[in-house]
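Commentary on secondary and tertiary structure
Single-letter residue listing:
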Amino acid sequence: MDNSQKLVLIVEDEKNIVDILRFNLQREGYKTLEAYDGEDGLAQARSQNPDLILLDVMLPKMNGFDVCQALRAAGDNVPVIILTAREEEADKVLGLEIGADDYITKPFSMRELIARVGANIRRTAMAAPAASAADEAMTVSGDLSINTGSHQVFRGGKSIDLTQREYELLTFLASHPNKVYSRVALMEQVWNYGYVGDDVRTVDVTVRRLREKIEANPASPVYILTRRGAGYYFAV
Ligand code: CA
């Protein structure tokens, strides 16, 4: 895969981690940028338009969650991978709640990190709208519709703002109506991960966020349903 045009912004205050990330990403062909505090990270995210951001949580001046939240609030859906310490389980969930696409725990294996960077960038590249399909609309169910050309989702004619991952999960399930997918299967299909470990929790959090956005009553969903003990499916 040719990564030469892809730009990764590293926001991390520990210089030795930045050094090893830069070295390995550049070896894979990525271009890199570095920020050592949250404010600079946010400024570079806005001015340099990276293809992906590796975002530490504990940062000087502005923490990683606030950086991610500021980007999402401004409508920036750049893929964000949160870097968390192993013991901070709550961080993973909070990171996904505020719109990060993914998280990886420190200390991480460089092989896994590179794989996740690749998967998240690939997913965005695949999702780039094709000009010829700009008017291709897919009405899926009830008052929910997805325009796969423009990558917009509407409920009752009102546009819904989804992260790339939420959109991918929704369109994947909606394109296989009434078919139940396990969380492991969804990790493989939507997240592109071969090995998932305990990360299936990611699927649950993303489903919950998606329901909060597309369902009139998230506690009693009508679009994305749970088949207890089996997984999730899109009901039509
Ligand atoms: Ca830190």
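Throughout, a residue's number is its position along its own chain's written sequence, starting from 1. In keeping with the predicted nature of the model, local features appear solely for residues at pLDDT of at least 70, side-chain atom pairs appear and are counted solely at 80 or more, and the whole-chain, interface and lining totals rest on all residues. Remark: hydrogens and water are excluded; side-chain values derive from all non-hydrogen atoms of the structure.

Each helix corresponds to a stretch of at least 4 residues labelled H or I by DSSP, and each strand to a stretch of at least 2 residues labelled E; elements are numbered beginning at the N terminus. When helices and strands are counted, the protein chain shows 8 helices and 11 strands. Relative accessibility decides the category of a residue: with a 1.4 Å probe and only protein chains considered, values under 20% of the type maximum give buried, values over 50% give exposed, and everything between is partly exposed. Counting over 236 residues, the protein chain shows a buried share of 51%. The criterion used for residue contact is that any of the two residues' heavy atoms lie within 4.5 Å. Contacts in the protein chain between residues far apart in sequence, at least 24 positions, make up 57% of those at least 6 positions apart. Residue burial considers only the protein chains on display, and all accessible areas are found by Shrake-Rupley using a 1.4 Å probe. Total accessible area computed for the protein chain in this model is approximately 11,000 Å², and 50% of it derives from carbon and sulfur atoms.

Glancing now at the side chain of Thr 32. Within the element layout of this structure, Thr 32 appears in strand E2 (residues 31-35). Under this definition, polar contacts are N or O atom pairs within 3.5 Å; protein pairs additionally need one hydrogen-donor-capable and one acceptor-capable atom, and for neighbouring residues in sequence, both atoms have to be side-chain atoms. Within polar-contact distance, the side chain of Thr 32 engages the side chain of Gln 26 at 3.0 Å. Among all residues touching Thr 32, those that are not within four sequence positions of it are Leu 7, Val 8, Ile 10, Arg 22, Leu 25 and Gln 26.

For strand E10 (residues 224-227) and strand E11 (residues 231-234), the ladder comprises 4 bridges, and the chain directions are antiparallel. Each bridged residue has a counterpart across the sheet, and for Thr 226 the counterpart in E11 is Tyr 232. If DSSP finds at least two bridges between two strands, the strands pair. Here E10 folds back onto E11, and the loop between the two strands holds 3 residues, one of which, Gly 229, carries a positive phi near 80 degrees.

What follows deals with the coordination of the calcium ion. Coordinating N, O and S atoms are those within 2.8 Å of the metal (3.2 Å for Na, K and Ca), and as water is not part of the atoms, a site may appear to have fewer donors than expected. Protein coordination at the calcium ion: the donors are Asp 13 (OD), Asp 56 (OD) and Met 58 (O), at 2.1 to 2.3 Å from the metal. Site description for the calcium ion: donor spacing in sequence, D-x42-D-x1-M. Note on Met 58: relative accessible area 59%, which makes it exposed.

Further remarks concern the packing of aromatic side chains. Centre distance within 6.5 Å is the pairing criterion for rings of Phe, Tyr and Trp, where only the six-membered ring of Trp is used; planes under 30 degrees apart are then read as stacked, over 60 as edge-to-face, and the remainder as tilted. Inspection of the entire model under this criterion finds 2 aromatic pairs. Both a distance and an angle decide whether a charge sits over a ring: NZ of Lys or CZ of Arg must be within 6 Å of the ring centre and within 35 degrees of the ring normal. For the cation-ring pair, Lys 179 lies above Tyr 181, with the distance from its terminal atom to the ring centre recorded as 5.0 Å. Here the basic side chain of Arg 227 rests over the ring of Tyr 233, its NZ or CZ set 4.8 Å away from the ring centre.

Quick look at the pattern of salt bridges now. Within this document, salt bridges are pairs made up of a side-chain nitrogen of Lys or Arg and a carboxyl oxygen of Asp or Glu, the two lying within 4 Å of each other. Counted under the stated rule, the structure contains 14 salt bridges. Of the charged contacts in the structure, one is a salt bridge between Arg 165 and Asp 102, with a shortest N-O distance of 3.9 Å. Separated by 63 residues along the polypeptide, Arg 165 in helix H6 (residues 164-174) and Asp 102 in strand E5 (residues 102-106) bring together distant segments of the chain. Overall, Arg 165 belongs to the buried group, its relative accessible area being 2%.

A few words now on the nonpolar core. In plain words, nonpolar cores are sets of buried Ala, Val, Leu, Ile, Met, Phe, Trp, Tyr and Cys residues tied together by side-chain atoms within 4.5 Å. Formed by 25 residues in total, the largest nonpolar core has its most connected members in Leu 170, Leu 186, Ile 214 and Ile 224. At the level of secondary structure, the elements contributing two or more residues to this core comprise strand E7 (144-147), H6, helix H7 (183-190), helix H8 (201-214) and E11. The greatest single-element share of this core, amounting to 6 residues, is contributed by H6. Core analysis: the second largest hydrophobic core is formed by 24 residues, Leu 59, Phe 65, Val 80 and Ala 100 among them.

It is worth spelling out the environment of Val 153 at this point. Here Val 153 lies in strand E8 (residues 152-155). Taking relative accessible area as the criterion, Val 153 reaches 1% and is therefore assigned buried. If near-sequence neighbours (up to four positions away) are discounted, Val 153 is found in contact with Leu 144, Ser 145, Ile 146, Lys 158, Ser 159, Ile 160, Leu 162, Tyr 167 and Leu 170.

The next point concerns the sheet that holds strand E1 (residues 7-11). Spatial strand order, E2-E1-E3-E4-E5: 5 strands in an open sheet with parallel pairing. With one partner strand each, in any of the chains shown, E2 and E5 form the two edges of the open sheet. Direction aside, the axes of adjacent strands within the sheet are offset by 20 degrees on average. In the sheet, strand E3 (residues 52-56) pairs with strand E4 (residues 80-85) via 4 bridges, with the strands oriented parallel. Bridge assignment links Leu 54 to a residue of E4, and that residue is Ile 81. For helices, the fitted axis covers only the stretch in contact; all axes are lines through C-alpha atoms, and the angles between them, taken along N-to-C directions, range from 0 to 180 degrees. Relative to E3, helix H3 (residues 64-73) is tilted by about 150 degrees, and along the sheet it contacts E3 and E4.

Our focus in this paragraph is unusual backbone geometry. In the segment running from Lys 106 into Pro 107, the intervening peptide bond is cis, with an omega of -5 degrees. The phi dihedral of Lys 61 falls on the positive side, at around 75 degrees, and the residue is not glycine. Tracing the chain through its elements places Lys 61 in the loop between E3 and H3. Given the relative accessible area of 63%, Lys 61 is considered exposed.

That is the geometry; function is a separate question.
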